[in-house]
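# A look at the structure
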Amino acid sequence: MIKILLIHGPNLGLLGRREPKIYGHETQEDLLERVRRECTPEKYEVELVQSNHEGVVLDVLNQLVRDFHAGSSPVGGILINAGAWTHTSIALRDALSMVQETGLPVIEIHLSNTAARETFRHMSMVAPVVTGCVAGLGAAGYTAAARAIIELIQANSKHRSKR
Ligand code: DQA
């Protein structure tokens with residue numbers, strides 16, 4: 001079983017109620033369901049990690065890197081909407097940089113088009129250390145990101161088995 005982590009940063013646990021004009025009406029459980037729908041259940045398991053505490057997310061990523069080096073990580077790829085940490089967190093960027101070194105695909109997601117909003121949202125700390133980004137497509141972005149992560153995981157495993 002290959003695990004796909006869907007990581008949600010601060011305030012995303014309230015999606016559905018939180019500023020629906022900007023973030024839409026789907027809850028994070030709806031978004032999780034969207035991702036699961038794209039994944040063959042016999043092959044992929046999607047786990048949601050939502051926290052308002054940065055250290056919790058850093059611990060998850062650190063453990064993943066540790067497990068990867070021990071050859072025991074079930075994680076094949078990560079979807080992350082880091083919320084406001086996107087624009088502020090050097091620690092999250094450093095953790096994702098370690099993940100990048102493992103070769104695991106990571107997709108950054110934003111419901112809103114951050115480039116079209118306040119200038120403080122234009123800069124993403126994490127963008128340089130992820131595989132790619134989906135922003136501004138609302139909930140549909142989660143479906144697109146789920147399809148993309150599966151392709152990337154498959155390409156990754158072909159690449160690994162050739163080595
Ligand atoms: C967000 C955009 C961020 O700027 C904001 O802080 C969020 C949500 C989005 O999904 O559009 O919490 O990541």
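Structure report, in brief. Here the structure is a predicted model, which means the values were calculated and not measured.

## Looking at the site of the ligand
Taken together, Arg-18, Tyr-23, Asn-81, Gly-83, Ala-84, His-87, His-110, Leu-111, Ser-112, Thr-114 and Arg-121 make up all the residues around the ligand. At 2.6 Å from an oxygen atom of the ligand is found a side-chain nitrogen or oxygen belonging to Ser-112. The side chain of Arg-121 places a nitrogen or oxygen atom 2.9 Å from an oxygen atom of the ligand. Relative to its unbound accessible surface of 320 Å², the ligand loses 99% to contact with the protein. Each residue belonging to the shell around the ligand can be placed in one class, and the counts come to three nonpolar, six polar and two charged.

## Description of the side chain of Ser-89
Tracing the chain through its elements places Ser-89 in the loop between helix 4 (85–88) and helix 5 (90–102). Within polar-contact distance, the side chain of Ser-89 engages the backbone nitrogen of Leu-92 at 2.8 Å. Not counting chain neighbours up to four residues away, the residues in contact with Ser-89 comprise Glu-54 and Met-125.

## Some remarks on helix 3 (residues 54–69)
The terminal C-alpha atoms of helix 3 lie 23 Å apart, and with 16 residues this matches the ideal 22 Å at 1.5 Å per residue to within 8%. Here helix 3 has its buried residues at Val-57, Leu-58, Leu-61, Leu-64 and Val-65. With its buried residues spanning 120° around the axis, helix 3 presents them on a single face. Opposite the buried face of helix 3, at more than 90 degrees from it, the exposed residues are Asp-59 and Arg-66. Looking at the packing, one finds that the buried side of helix 3 touches strand 1 (2–8), strand 3 (75–81), helix 4 and helix 5. Where helix 3 terminates, the next one or two residues include Gly-71, which has phi positive at roughly 75°.

## Some words on the pattern of salt bridges
Following the criterion strictly, the structure yields five salt bridges and no others. The salt bridge involving Lys-3 is made with Glu-47; its shortest N-O contact spans 2.6 Å. With Lys-3 in strand 1 and Glu-47 in strand 2 (residues 44–50), this pair connects stretches of sequence that are 44 residues apart. Its relative accessible area of 17% is what places Lys-3 among the buried residues. Taking relative accessible area as the criterion, Glu-47 reaches 30% and is therefore assigned partly exposed. Note that Glu-38 and Arg-147 form a salt bridge whose closest N and O atoms lie 2.9 Å from each other.

## As for the pairing of strand 3
Along strand 3, seven of the seven residues are buried, which leaves the element largely enclosed by surrounding structure. Bridge analysis of strand 1 against strand 3 gives six bridges, and the strand direction is parallel. Note on strand 3: the bridge partner recorded for Ile-4 is Gly-77. Where strand 3 and strand 4 (residues 106–110) come together, three bridges link them in parallel fashion. Its bridge partner lying in strand 4, Ile-78 is registered against Val-106.

Criteria and cut-off values
- Residues numbered from 1 in each chain as written.
- Predicted model: local features only at pLDDT ≥ 70, side-chain atom pairs only at ≥ 80, totals over all residues.
- Heavy atoms only, no water.
- Near = heavy atom within 4 Å.
- Polar contact = N/O pair within 3.5 Å; in protein donor to acceptor, adjacent residues only side chain to side chain.
- Areas by Shrake-Rupley, 256 points an atom, 1.4 Å probe, with all protein chains shown as cover.
- Nonpolar A, V, L, I, M, F, W, Y, C, P; charged D, E, K, R; others polar.
- Helix = DSSP H or I, 4+ residues; strand = E, 2+ residues; numbered from the N terminus.
- Contact = heavy atoms within 4.5 Å.
- Expected span 1.5 Å × (residues − 1).
- Buried < 20%, exposed > 50% of the residue type's maximum accessible area, 1.4 Å probe, protein only.
- Arc of directions from axis to C-beta.
- Salt bridge = Lys/Arg side-chain N within 4 Å of Asp/Glu carboxyl O.
- Pairing = 2+ DSSP bridges.

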